[in-house]
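# Reading the structure
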Amino acid sequence: MKTALILNGPNLNLLGTREPTVYGTHTLDDVKALCDAACASHGFALDFRQSNHEGELVEWLHEAGRLQAAGQLAGVILNAGAYTHTSVALHDAIKGTGVTLIELHISNVHAREPFRHHSFISPAAKAVMAGFGVQGYALAVAGLAGLK
Ligand code: CA2
């Protein structure tokens with residue numbers, strides 16, 4: 001059984017505590033439970049993580065590249081949070097590892113402030129998903145299964 005690695009970036013640990021009109025009322029634990037169910041139905045093991053630190057996310061992408069090369073990982077679903085709009089380091093890590101990666105956003109970033117319209121992740125991603133709320137995580141797991 002291959003693993004789906006789901007990575008969450010800065011401040012996503014605050015999900016469900018503020019800004020419910022933008023991000024909904026579900027917590028990150030709720031999202032993990034939703035991903036558990038989606039992975040079970042698509043035959044993936046789930047590895048679900050969150051970090052507020054850019055370097056830690058970079059290290060996890062390197063680990064993902066090694067695991068995918070070893071045939072143990074189906075790919076990564078990444079909600080890089082605000083690092084989406086700032087991080088050349090995450091872009092380089094995705095490109096440098098060649099890992100299969102789906103970029104995910106809970107909100108429709110293109111309908112929000114202009115500074116959220118640019119993504120350093122998108123040019124390195126296999127696919128991009130935004131605006132489906134937390135249900136987007138389950139849709140992205142289904143998408144990853146379709147790439148098999
Ligand atoms: O829509 C998304 O998933 C985002 O990646 C979320 C990021 C934001 O910077 C991106 O532009 C779009 C923010 C994550 C922080 O989430 C919070 C949730 C509740 C309360 C405070 C922050």
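To be clear, the structure that these remarks concern was listed above.
The text that follows walks through the structure, step by step, so that each part is easy to find. (Residues numbered from 1 in each chain as written. Predicted model: local features only at pLDDT ≥ 70, side-chain atom pairs only at ≥ 80, totals over all residues. Heavy atoms only, no water.)

## A closer look at the layout of surface pockets
The cut-off we apply is this: Each cavity reported here is a set of points on a 1 Å grid over the protein atoms alone in which a 1.4 Å probe fits but cannot get out, each pocket an open set with protein on both sides within 12 Å along at least five of seven lines, and each lining residue one with an atom within 4 Å of a point. Grid points are joined across faces, edges and corners, and a volume is the space filled by probe spheres set on the points. Charged residues are taken to be Asp, Glu, Lys and Arg, nonpolar residues to be Ala, Val, Leu, Ile, Met, Phe, Trp, Tyr, Cys and Pro, and polar residues to be all remaining types, Gly included.
Of the volumes computed, that of the largest pocket is approximately 410 Å³. What lines the largest pocket is a set of 20 residues, and nearest its centre among them are Pro10, Asn11, Leu12, Glu19 and Tyr23. When the residues that make up the lining of the largest pocket are grouped by side-chain class, the tally is eight nonpolar, eight polar and four charged.

## Regarding the nonpolar core
What counts is decided by this rule: Working definition of a nonpolar core: buried Ala, Val, Leu, Ile, Met, Phe, Trp, Tyr and Cys residues. They are joined through side-chain atoms within 4.5 Å. Classification of residues uses two cut-offs on accessible area relative to the type maximum, computed with a 1.4 Å probe and protein chains only: under 20% is buried, over 50% is exposed, and between them is partly exposed. To qualify as a helix, a DSSP run of H or I must reach at least 4 residues; to qualify as a strand, a run of E must reach at least 2; elements of each kind are numbered from the N terminus.
Ranked by size, the top nonpolar core spans 24 residues in total, and within it Ile6, Leu15, Val31, Phe44, Ile77, Tyr137 and Val141 carry the most contacts. Contributions of two or more residues to this core are made by strand E1 (3–8), helix H2 (28–42), strand E3 (73–79), strand E4 (101–105) and helix H5 (135–146). No other element matches the six residues that H5 contributes to this core. By size, the runner-up hydrophobic cluster in this structure holds 20 residues, among which are Leu57, Leu61, Leu78 and Ile121.

## Quick notes on the pattern of salt bridges
Which entries qualify depends on this criterion: In what follows, salt bridge is the name for a side-chain nitrogen of Lys or Arg lying within 4 Å of a carboxyl oxygen of Asp or Glu.
A full pass over the atoms with the stated rule returns five salt bridges. For Arg49, the salt bridge is made with Asp47, and the minimal N-O distance between the two is 2.8 Å. Of the residues examined, Asp47 reaches a relative accessible area of 25% and is grouped as partly exposed.

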